[in-house]
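Structural characterization, general
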Amino acid sequence: MSTRKHTALPKAQILIEALPWLTRHNGKVVVVKFGGNAMVDEDLKAAFAQDVVFLRQAGLRPVVVHGGGPQISAQLDRHGLVSEFKAGLRVTTPEAMDVVRMVLAGQVQRELVGLLNQHGPLAVGLTGEDAHTITAIKHQPLIDGELVDIGRVGEITRIDSGAIEALLEDGRIPVVSSIARAEDDGHVYNVNADTAAAALAAALGAETLMVLTDVEGLYVDWPHSDEVISRLSATQLEKLLPDLSSGMVPKMEGCLFAVRNGVNTARVIDGRVPHSILLEIFTDEGIGTMVVPDGHPLVADEQGEA
């Protein structure tokens, strides 16, 4: 009997430690952007699916948004199409858009839905095209002072969260591919998944936006330091944006947009760490960078110190 007590007690303590977070997040929407290494490593994929199902079973309402950069590049190669990037965005010709749509909706989303549904009839896949969930116009980035045509890349103009809200009400886990319907020209558009996740989080009034990436978080002075900023306010982040690496810009711009549009916290977390989502949501330590609105209690006493 004493042995059984001894082995069970640490498990009970871990569960009790999570209680304040479970209470705080009960019934709240959490939008998770799935990407980076977690998307291509089999063990990390399985751990991600377990985390998302755990959130749902623990009373939260998770929504998953995904892109598929590595898978798209691999499929374009197979089709003999060159992957070209301008201003950090994939140049998307009509031929490339067909591949993007096929990979996101037909491969990445299907696999993710399958992993989640190993745990029950939970996940339902959709793209931004479905029920007008994401609407976009053609995005033309400014490069060296000139607008540049990069093809079927969209800039989000409107979110209709009705279909996602209906799925959440039904106890399902929506899995959304970052493809948008066109506002004006009948096409479909490739939209940045970080941006799409942030826009959906704001539209859904989410408690938290979580963006999985391949770094520990936002560094204080990269590449000169690997010290991670654990939390900062919207204004502090805005000041840092011009100096960030191109890969981090859409992630941090998404976090900034989210907290300025009603989301309570936005976090960039290391998707290379198994169960990083649970560590971030249910422990004090956290493992990434948290962005909060200006005046939030977590940074109210630290303003100006980022």
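See the structure printed just above.
For clarity, every value in this text was computed on a predicted model and none was experimentally measured.

Conventions and cut-offs
Residues numbered from 1 in each chain as written. Predicted model: local features only at pLDDT ≥ 70, side-chain atom pairs only at ≥ 80, totals over all residues. Heavy atoms only, no water. Salt bridge = Lys/Arg side-chain N within 4 Å of Asp/Glu carboxyl O. Helix = DSSP H or I, 4+ residues; strand = E, 2+ residues; numbered from the N terminus. Buried < 20%, exposed > 50% of the residue type's maximum accessible area, 1.4 Å probe, protein only. Polar contact = N/O pair within 3.5 Å; in protein donor to acceptor, adjacent residues only side chain to side chain. Contact = heavy atoms within 4.5 Å.

Topic: the pattern of salt bridges
Applying the stated criterion across every chain, the model contains 15 salt bridges. Ionic pairing is found between Lys45 and Glu42, a salt bridge with its closest N-O pair at 3.2 Å. Here Lys45 pairs with Glu42, and both are found in helix H3 (residues 42-57), just three residues apart, close to one helical turn. Taking relative accessible area as the criterion, Glu42 reaches 53% and is therefore assigned exposed. One salt bridge connects Glu169 with Arg61, and the closest N-O pair in it is separated by 3.0 Å. In this pair, Glu169 sits in helix H6 (residues 162-169) while Arg61 sits in strand E2 (residues 61-66), placing the two residues 108 residues apart along the sequence. Accessibility expressed as a relative area gives 27% for Arg61, which makes it partly exposed. Linked by salt bridges that have partners in common, Lys33, Asp194 and Lys251 make up one network.

What about the side chain of Arg152?
Checked against the element boundaries, Arg152 lands in the loop between strand E8 (146-147) and strand E9 (154-159). A polar contact is formed between the side chain of Arg152 and the side chain of His187, at a distance of 3.3 Å. Those residues in contact with Arg152 that sit more than four places away from it in its chain are Thr92, Pro94, Met97, His187, Val188, Tyr189 and Asn190.

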